[in-house]
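An overview of the molecular structure
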Amino acid sequence: MITVVLAQPRGFCAGVERAIEIVERALRKYGPPIYVRHEIVHNRHVVEDLRKRGAIFVDELDEIPRGAITVFSAHGVAKRVEEAAAERGLPVINATCPLVAKVHNEGRRYAAQNREIVLVGHAGHAEVEGTIGQVPAKVHLVQTVEDVATLEVADPDKLAYITQTTLSVDDTRGIIQALKDRFPNIVGPDVRDICYATQNRQQAVRDLAHTVDLLLVVGSRNSSNSNRLREIGQELGKPSYLIDDAHALEAAWFEGIRTVGLTAGASAPETLVQGVLDGLRRIDTIEVTAQDGVAEDVRFRFPAELADVE
Ligand code: SF4
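In this text the structure is predicted, and so the values were computed from the model without any measurement.

Here we come to the packing of aromatic side chains. The full count for this structure, using the stated rule, is 2 aromatic pairs. An angle of 5° between the planes, with centres 3.7 Å apart, marks the rings of Tyr241 and Trp253 as stacked. In this pair, Tyr241 is assigned in strand E10 (residues 240-243) and Trp253 in the loop between E10 and strand E11 (259-264), connecting sequence segments 12 residues apart. Looking at Tyr241, the relative accessible area reads 24%, which means it is partly exposed. Residue classification places Trp253 among the buried positions, given a relative accessible area of 16%. Centroid distance Trp253 to Phe254: 6.2 Å. Interplanar angle 50°. Geometry classified as tilted. Phe254 gets classed as buried once you look at its relative accessible area, which sits at 6%. By way of ring pairs, the aromatic residues Tyr241, Trp253 and Phe254 are connected into one cluster. Above the face of the Tyr110 ring, Arg109 is positioned so that its terminal group lies 5.0 Å from the ring centre.

Okay, the site of the ligand next. Cys13, Gly15, Val16, Cys97, Leu99, Val100, Thr165, Thr166, Cys195 and Tyr196 make up every residue found near the ligand. Among the secondary structure elements, those contributing two or more residues to the shell around the ligand are helix H1 (14-30) and helix H4 (98-112). When its residues are assigned to classes, the shell around the ligand shows 7 nonpolar, 3 polar and no charged. Each of domain 2 (14-97 + 301-306) and domain 3 (99-193) contributes no fewer than three residues to the shell around the ligand.

Judged by pairing direction, the sheet is parallel, and its 4 strands sit side by side in the order E3-E2-E4-E5 without closing on themselves. Sheet topology places strand E3 (55-58) and strand E5 (92-94) at the edges, where each strand pairs with a single neighbour. Direction aside, the axes of adjacent strands within the sheet are offset by 30° on average. As paired elements, strand E2 (residues 34-37) and strand E4 (residues 70-72) share 3 bridges and run parallel to each other. Each residue of the ladder has a partner; that of Val36, found in E4, is Val71. Contacts from helix H3 (residues 79-87) reach E2, E4 and E5, with the element oriented near 175° to E4.

Split by domain assignment, the protein resolves into domain 1 (2-12 + 196-290), domain 2 (14-97 + 301-306) and domain 3 (99-193). Taking the mean C-alpha position of each, domain 1 and domain 2 sit 29 Å from one another. Contact with domain 1, which involves 12 residues of that partner, is made by 11 residues of domain 2. Buried area between domain 1 and domain 2, both sides added, is near 960 Å², and the carbon and sulfur share of it is 50%. Contact with domain 2 buries surface across domain 1, with Phe12, Asn222 and Ser267 losing the most and accounting together for 47% of the total. If you look at where domain 1 meets domain 2, you find 2 salt bridges. Of the charged contacts in the structure, one is a salt bridge between Arg44 and Asp245, with a shortest N-O distance of 3.8 Å. Run the count over domain 1 and domain 2 and you get 6 residue pairs in polar contact (both at pLDDT 80 or more). Counted by class, the side of domain 1 that touches domain 2 contains 6 nonpolar, 4 polar and 2 charged residues.

Parameters at a glance
- Residues numbered from 1 in each chain as written.
- Predicted model: local features only at pLDDT ≥ 70, side-chain atom pairs only at ≥ 80, totals over all residues.
- Heavy atoms only, no water.
- Phe/Tyr/Trp six-rings, centres within 6.5 Å; stacked < 30°, edge-to-face > 60°.
- Helix = DSSP H or I, 4+ residues; strand = E, 2+ residues; numbered from the N terminus.
- Buried < 20%, exposed > 50% of the residue type's maximum accessible area, 1.4 Å probe, protein only.
- Lys NZ or Arg CZ within 6 Å of the ring centre and 35° of its normal.
- Near = heavy atom within 4 Å.
- Nonpolar A, V, L, I, M, F, W, Y, C, P; charged D, E, K, R; others polar.
- Domains from an automatic or database assignment.
- Pairing = 2+ DSSP bridges.
- Axes fitted to C-alpha atoms, helices over the stretch in contact; angles between N-to-C directions.
- Contact = heavy atoms within 4.5 Å.
- Buried area = accessible area lost by both parts, 1.4 Å probe.
- Salt bridge = Lys/Arg side-chain N within 4 Å of Asp/Glu carboxyl O.
- Polar contact = N/O pair within 3.5 Å; in protein donor to acceptor, adjacent residues only side chain to side chain.

Printed below as a string of structure tokens:
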């Protein structure tokens, strides 16, 4: 028998719930099709479900017919994307997570102080591209402690840093320390830009990984926060797997395993977690318990045009 311990908290954060519901409310209010630039959140199942209900996902705005309702994803977009949408006459509903928008505002505030910005984040991630494109200043992207050593800045006394919202808290602390060592007058938010949902899920997995033999993280490959959860399990010496859903489970993983920790990234629906429990039941008998953990009650307001849609 395997004991499965469910991480608490796990799965959807307030920004993801809001973004998905924005598309659902837009479909109800305006009818399909609703165009969405980029995956609304980084989860294949969520995207497929919304696609079936009339959402059309596009990479670029020129794939959207003039005048069609357009939703920007939870990750945020660059200023040039907002401007291009206005030029094309697209009515935009912005599902950027308010905690990502907060980082944009912070970057703009530092830019107004004539500072160059160091953005700690992952190259190519939609949020990073959006944040770079929202800050009217030179932005240096830093991904590792090693990157800090090679930074070339105009004035070391006029520097600020900001971070992506879904980073590893531990890795980011190391990078911030390297920045402070090299540029003692740099200013920034410490790790407070890493959002509450990322921090809570990472802490839960850190606690969980100490007590289980193996860790399962439900989430898509391109989900930044899900990857960080798997890495924590791995760093703590436990076999750790990132899986899209129950189909990815392999019976061989569980030979000699007595306890399994199960969590889900901020963009993974609870139905997938329940599906993984069913998948585990096909492999062995299981007993399911839940971790004691933080209860989250964060909710974000909807854009005005959708506030009253049931
Ligand atoms: Fe917002 Fe954090 Fe969720 Fe990203 S992971 S959508 S920043 S609450």
